[in-house]
Amino acid sequence: MPDTTVSNQLSLKSLTVANATEALAQGLAALRAGQTVFDLGQVETVDSAAVSVMLAWQRAAAQHGSKLELRNLPEQLQSLTKLYGVCTLVSPADLHHH
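Throughout, residues of each chain are indexed from 1 in the direction in which the sequence is written. Only residues with pLDDT of at least 70 get local features here, since the model is predicted, and only at 80 or more are side-chain atom pairs given and counted; chain-wide, interface and lining totals rely on the full set of residues. Working from all heavy atoms in the structure, the side-chain values ignore hydrogens and water.

Draft legend 1. Structural context of the overall build of the chain. Helix and strand counts for the chain stand at four helices and four strands. In sequence order, the chain lays out its α and β elements as β-α-β-β-α-β-α-α. Note on areas: these come from Shrake-Rupley sampling with a 1.4 Å probe, and a residue is covered only by the protein chains present in the view. Just so you have it, the chain exposes about 5,500 Å², and 53% of that area is on carbon and sulfur atoms. For the purposes of this entry, the term helix denotes a DSSP run of H or I that reaches at least four residues, the term strand denotes a run of E that reaches at least two, and both are numbered from the N terminus.

Draft legend 2. Main features of the environment of S14. With respect to the helices and strands, S14 occurs in strand β1 (residues 14–15). For the pair S14 and V46, spaced 32 residues apart in sequence, the C-alpha to C-alpha distance is 5.8 Å. The contact definition used throughout considers only heavy atoms, calling two residues in contact when any of these lie within 4.5 Å. Leave out the neighbours within four places in its chain, and S14 touches N19, V43 and T45.

Written out as structure tokens, the structure is:
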């Protein structure tokens, strides 16, 4: 069955404190539009703000009765979610192998 939800309205190259507010808004708009899969494969630069943004996206999806799937997290972002102990909260498909 093809996954038609990956229209990926997110066009993020970075997910840092410098663009966290914009990234949060982009993600929330995508969720409101019905997108439930975010592909973060184009993200090249991250910092700890990325974790906060992803958690906020997850909370928003849950409030709307949806389950958000995050795909293709950059290695640095995977490391941050492990460092902060939020792998299971963020729950990207890439991290189900621990």
